[in-house]
Amino acid sequence: MVTRRPLVEKREMTMAIDDKPIIEVKGLSFFYGRTQVLRKVSLPILPRQITAIMGPSGCGKSTFLRVLNRLYELVPGARAVGEVWFDGANILDSKVDVVELRRRVGMVFQKPNPFPKSIFDNVAYGPRIHGVRGRRRLAPIVERALRQAALWDEVRDRLHRSAFDLSVGQQQRLCIARALAVEPEVLLLDEPTSSLDPAATVKIEELIRTLKEELTVVIVTHNLQQAARVSDRTAFLLVGELVEHGPTEELFTRPRDPRTEAYLTGRFS
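Quick notes on the rules
Residues numbered from 1 in each chain as written. Predicted model: local features only at pLDDT ≥ 70, side-chain atom pairs only at ≥ 80, totals over all residues. Heavy atoms only, no water. Phe/Tyr/Trp six-rings, centres within 6.5 Å; stacked < 30°, edge-to-face > 60°. Helix = DSSP H or I, 4+ residues; strand = E, 2+ residues; numbered from the N terminus. Buried < 20%, exposed > 50% of the residue type's maximum accessible area, 1.4 Å probe, protein only. Axes fitted to C-alpha atoms, helices over the stretch in contact; angles between N-to-C directions. Left-handed = near helix turned anticlockwise from the far one by under 90°. Contact = heavy atoms within 4.5 Å. Nonpolar A, V, L, I, M, F, W, Y, C, P; charged D, E, K, R; others polar. Expected span 1.5 Å × (residues − 1). Salt bridge = Lys/Arg side-chain N within 4 Å of Asp/Glu carboxyl O.

Novice: Please clarify how the packing of aromatic side chains should be interpreted in this entry.
Specialist: Two measures describe an aromatic ring pair: the distance that separates the ring centres and the angle between the ring planes. Summed over all chains, the structure comprises 4 aromatic pairs. With a centroid separation of 5.1 Å and 85° between ring planes, the pair formed by Phe 30 and Tyr 72 is classed as edge-to-face. Taken together, the residues Phe 30 in strand β1 (residues 23–32) and Tyr 72 in the loop between α1 (61–67) and β4 (78–86) connect sequence positions 42 residues apart. Judged by its relative accessible area of 6%, Tyr 72 is buried.

Here it is, written out as structure tokens:
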């Protein structure tokens, strides 16, 4: 088990209550240099639900996702303004422990990116970074994560083999297992099936629906059908602005904003 640390020192931990957001974004604007990508976005992310972020290319979906665990800081000149509250702390505060934040708010990218290591070592990588040592302690963590990612039965007899021996779909589930190994509370998925074939996409979507029993999922997708299939709630971004958000069925069948209706009906993409 990975030891949890507070995001900010000398602050009591708070527990998420099901009817309160686990993450609450307030007035978030974002800039790459002088270019503004997000404009005063406010959005609650509810616990143990799947929230889909949809919108046309270039609307700020992936940028929004990267703000939630401050991954944008790897890009020179990137800057976030506003508030993103998680566990009683504004994660944009310089005092926040970013390493701990990224453990608790994990991320999986569009294309599978396994490390050039064995299947076992890929999954064990995060726990080792956080101080878990020895194969005896790591083995049950690796097995648990691979089971959560619905991959254990396919790889249990070849954990020593290279991760690159797996199919693309299996590699993506391995990356999900790698994120799950450090026991995150929130999992961010950036178009996780865009490079997969239909069969692999079905497996990932089934996995996502299962994961919400244990954690909160935020998924960026340009695929309207996927958003409708897997998410509990959906947010629609357009040119960096949050047009509307709400329960997925309601947003898809009774959109409040004509721009949402136009996007859903294919009048622009």
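Novice: Help me understand the packing of helix α3 (residues 119–129) against helix α6 (residues 168–180) in this model?
Specialist: A pair of packed helices is characterised by two quantities: the angle between their axes and the separation of those axes. One way to put it is that α3 packs onto α6 with a least axis distance of 7 Å and a crossing angle of 35°. Between α3 and α6 lies a crossing of right-handed hand. Only Leu 174, Ala 177 and Arg 178 of α6 make contact with α3, whose side of the interface consists of Ile 119, Asn 122 and Val 123. Considering only residue class, the contact of α3 with α6 consists of 4 nonpolar, 1 polar and 1 charged.

Novice: I'm lost on the environment of Gln 110 in this one. Help?
Specialist: If you trace the backbone, Gln 110 turns up in the loop between β6 (105–108) and α3. Here Gln 110 falls in the partly exposed class, since its relative accessible area comes to 35%. Between the alpha carbons of Gln 110 and Ala 228 there is a distance of 19 Å; along the sequence they are 118 residues apart. Ignoring anything within four residues of it in the chain, the contact list for Gln 110 reads Gln 172, Asp 190, Glu 191, Pro 192, Ser 194 and Ser 195.

Novice: Looking at this structure, I do not really get the environment of Gly 82. What am I missing?
Specialist: Here Gly 82 lies in strand β4. Taking the relative accessible area as the measure of exposure, Gly 82 reaches 31% and is therefore partly exposed. Sequence separation of Gly 82 and Tyr 263 is 181 residues, and the distance between their C-alpha atoms is 27 Å.

Novice: How do you make sense of α6 when you look at a structure like this?
Specialist: Compared with the 18 Å implied by 1.5 Å per residue over 13 residues, the 19 Å span of α6 between its first and last C-alpha is a close match. Across the 13 residues that make up α6, a large majority, 12, are buried. Those residues of α6 that fall on the buried side of the exposure criterion are Gly 169, Gln 170, Gln 171, Gln 172, Arg 173, Leu 174, Cys 175, Ile 176, Ala 177, Arg 178, Ala 179 and Leu 180. Where α6 is buried, its residues touch β6, α3, α4 (135–148), α5 (152–155), β7 (186–190) and α7 (198–211).

Novice: Hey, could you run me through the pattern of salt bridges in this one?
Specialist: Once their charged atoms are close, side chains differing in charge can pair, the charge on each being opposite to the other. Summed over the entire model, instances satisfying the criterion amount to 17 salt bridges. Residues Asp 87 and Arg 104 are paired through a salt bridge, measuring 3.1 Å at the closest nitrogen-oxygen approach. Pair noted here: Asp 87 is in the loop between β4 and β5 (89–90) and Arg 104 is in helix α2 (residues 98–104), with a separation of 17 residues, a long-range link. We note that Asp 87, like Arg 104, is buried. Put simply, Asp 257 and Arg 259 hold a salt bridge, and the shortest N to O gap is 3.0 Å.

Spatial relationships are all this shows, so hold off on functional conclusions.
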